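A look at the structure
Next come the chains, spelled out residue by residue.
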Amino acid sequence: ETRSVIATATLGAGRVVAMPDHQWLLMNNYGSQFTTGTFYQNAISWIAGTTSKSVPIVTIDSNVATWLTAQGYTQVTTTNAAGLPAALASADVCIPGWLGTAPSAALMTAVTDFVSAGNGLFICDYSPGYSWWWGKSKWDIPGSKILREAGIAFVEDGYSGGTLTTSAAANQMPLVTLIAILTNPSGYT
């Protein structure tokens, strides 16, 4: 909740890299700093499953497209949010940048289906902004809805409500118990 994390996961047959702030995908601003240009390119290679710069990429951010083209990517398509579902048909990687505060359910479904079918997604979202600026709750975060099945969620940072208590769900066990069982199966019924 309070520290920046870059998460990777699979979603269906596809791969995802998620970053915690919409500004992190301002590749044209940060691509030359702190070797993040290398990070961006390595992340794209992992997502796409290839180091080829001819991988078809679609984005809704013209600055992302400009940076990718400057790095030698040869098949970069720029569209808008309304055109993204159609543009996904000819892409292997989607780097939308930020999807905004209220993308349509159809757009989010199209992106989720695209990744689940075996394609890649490089996405970011800015969870504190949903409450600070837009008066929304963390469950309204589009990136969290898209990545739910990948086990990734963007959460509001700055939690100050004290200790969070959790309860194990019925018929569940903590990881340490599972490891103990696998380490010594004869010790458990």
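Here, the structure is the one placed above.
Read on for a plain summary of the structure. Everything numeric here is computed off the predicted structure, so don't read it as measured data.

A few words now on the overall build of the chain. Secondary structure assignment for the chain yields eight helices and six strands. Mapped in sequence order, the helices and strands of the chain form the string β-β-α-α-β-α-β-α-β-α-β-α-α-α. Partitioning the contacts of the chain with sequence separation of at least 6, the portion at a separation of at least 24 is 61%. Put simply, the chain shows about 10400 Å² of open surface, and 53% of that area lies on carbon and sulfur atoms.

What the six strands build is an open sheet, ordered 1-2-6-5-3-4; its pairing is mixed. Whereas interior strands pair on both sides, the edge strands pair on one side only; in this sheet they are strand 1 (7-11) and strand 4 (76-78). Between one strand axis and the next, the sheet turns by 20° as a mean value, whatever way the strands run. Where strand 1 meets strand 2 (residues 14-19), five bridges bridge the pair, whose relative direction is antiparallel. Paired with Thr8 across the two strands is Val17, which belongs to strand 2.

The next point concerns the environment of Ser45. By the element assignment, Ser45 lies in helix 2 (residues 36-48). C-alpha separation for the pair Ser45 and Val93, spaced 48 residues apart in sequence, amounts to 9.7 Å. If we skip the residues at most four places from it in the chain, Ser45 touches Thr50 and Thr51.

Right, let's get into the packing of aromatic side chains. In total, this model carries four aromatic pairs according to the counting rule given. Considering the side-chain rings of Phe39 and Tyr40, the 6.1 Å spacing of their centres and the 55° angle between planes classify their relative orientation as tilted. For Phe39, a relative accessible area of 27% translates into the label partly exposed. The exposure class assigned to Tyr40 is buried, which follows from its relative accessible area of 2%. Considering the side-chain rings of Tyr40 and Trp67, the 5.5 Å spacing of their centres and the 80° angle between planes classify their relative orientation as edge-to-face. Residue Tyr40 is located in helix 2, and its partner Trp67 is located in helix 3 (residues 62-70); the two are separated by 27 residues in the primary sequence. By relative accessible area, Trp67 is classed as buried at 8%. Put simply, the rings of Phe39, Tyr40, Trp67 and Phe122 pair up and form one aromatic cluster. The residue whose ring lies beneath Lys53 is Tyr73, and the NZ or CZ to ring-centre distance is 5.2 Å.

The rules behind the values
- Residues numbered from 1 in each chain as written.
- Predicted model: local features only at pLDDT ≥ 70, side-chain atom pairs only at ≥ 80, totals over all residues.
- Heavy atoms only, no water.
- Helix = DSSP H or I, 4+ residues; strand = E, 2+ residues; numbered from the N terminus.
- Contact = heavy atoms within 4.5 Å.
- Areas by Shrake-Rupley, 256 points an atom, 1.4 Å probe, with all protein chains shown as cover.
- Pairing = 2+ DSSP bridges.
- Axes fitted to C-alpha atoms, helices over the stretch in contact; angles between N-to-C directions.
- Phe/Tyr/Trp six-rings, centres within 6.5 Å; stacked < 30°, edge-to-face > 60°.
- Buried < 20%, exposed > 50% of the residue type's maximum accessible area, 1.4 Å probe, protein only.
- Lys NZ or Arg CZ within 6 Å of the ring centre and 35° of its normal.

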